[in-house]
Each structure stands twice: as C-alpha cells, then as structure tokens.
Amino acid sequence: MASPPTKQSILHLYHSMLRTSQSFSSYNFRHYFVRRTKEMFRDIQKETDQAKLAAFYEEKAKELAVLKRSAIVNQLYGGWKLVVEDQKPARERSDS
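Residues numbered from 1 in each chain as written. Predicted model: local features only at pLDDT ≥ 70, side-chain atom pairs only at ≥ 80, totals over all residues. Heavy atoms only, no water.

J.: Got a sec to walk through the pattern of salt bridges? Specific residues and values, please.
T.: In this structure the tally under the stated criterion is three salt bridges. Notably, a salt bridge pairs Glu 59 with Lys 60, separated by 3.5 Å at the nearest N-O pair. A salt bridge links Lys 60 to Glu 63; the nearest nitrogen and oxygen atoms lie 3.2 Å apart. Here the residue Lys 60 and the residue Glu 63 both occupy positions in helix H3 (residues 50-76), the gap between them amounting to three residues, near one helical turn. Judged by relative accessible area, which is 6%, Lys 60 ranks as buried. For Glu 63, a relative accessible area of 19% corresponds to the buried category. Salt bridges here are not isolated pairs; linked through shared partners, they connect Arg 36, Glu 59, Lys 60 and Glu 63. (Salt bridge = Lys/Arg side-chain N within 4 Å of Asp/Glu carboxyl O. Helix = DSSP H or I, 4+ residues; strand = E, 2+ residues; numbered from the N terminus. Buried < 20%, exposed > 50% of the residue type's maximum accessible area, 1.4 Å probe, protein only.)

J.: Outline H3, listing residues and values.
T.: Under the 1.5 Å per step criterion, the end-to-end length of H3 is 39 Å for 27 residues, consistent within 8% with the ideal 39 Å. Contacts made by the buried residues of H3 are with helix H1 (7-21) and helix H2 (27-44). (Expected span 1.5 Å × (residues − 1). Contact = heavy atoms within 4.5 Å.)

J.: Kindly report on the packing of aromatic side chains, identifying the contributing residues and their values.
T.: Note on aromatic pairs: each is described by the distance of the centres and the angle between the planes. Tallied over the entire structure, the rule returns six aromatic pairs. Ring centres 6.2 Å apart and planes at 50° place the aromatic pair Phe 24 and Phe 29 in the tilted group. These aromatic residues form a ring-pair network of at least three members: Phe 24, Phe 29, Tyr 32 and Phe 33. (Phe/Tyr/Trp six-rings, centres within 6.5 Å; stacked < 30°, edge-to-face > 60°.)

As structure tokens, this is what we get:
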C-alpha cells in the first residue's frame, strides 16, 4: 500500500488542478473545471482516513493528467470569446 499523501502534496495537487483549469480557453469549460475542482477538494478537506486520502490523491493525480491534455486540445481549437468574458476595449482613433 502506498504511503498517505501529506497535506502539502494535496495542496500542491489542488493548486495544479486550479492552474490547469484556468488555462482552458473556453469560458464554460474554464469555469466548470474551476468550480468542480474547488467542490471536490472542499468535500475531502475534513477527511482524516489515510486510506481515503491516498485513494483520492491517486485518482485526482490521474485526473490532472487528463485535465492537462484536455486543456491543450481546448487551446488548440478554442473559439471566439463570449460576451460575458472580459473583452479588450476597442481602440479609439486619435485623429477624430
């Protein structure tokens, strides 16, 4: 059986998943994965059973690899920005 993960390693996994979730170019995917990551780690936050923590860590480490690959594909085929996203302000002409 693998040794249980430390609190620091779980926190590092959490930040890695958040960082990867925020790298999606699609607004809907980005916000879904950020929200999902926060909910998953909030649910496991009070857990003290080392076996459950080890299983959770292994599962989420595999999920992080899938999330990274998905984010890369999403960046390659990203579409237009949505209206709800922050748009760059239109430049105004200085000669008018």
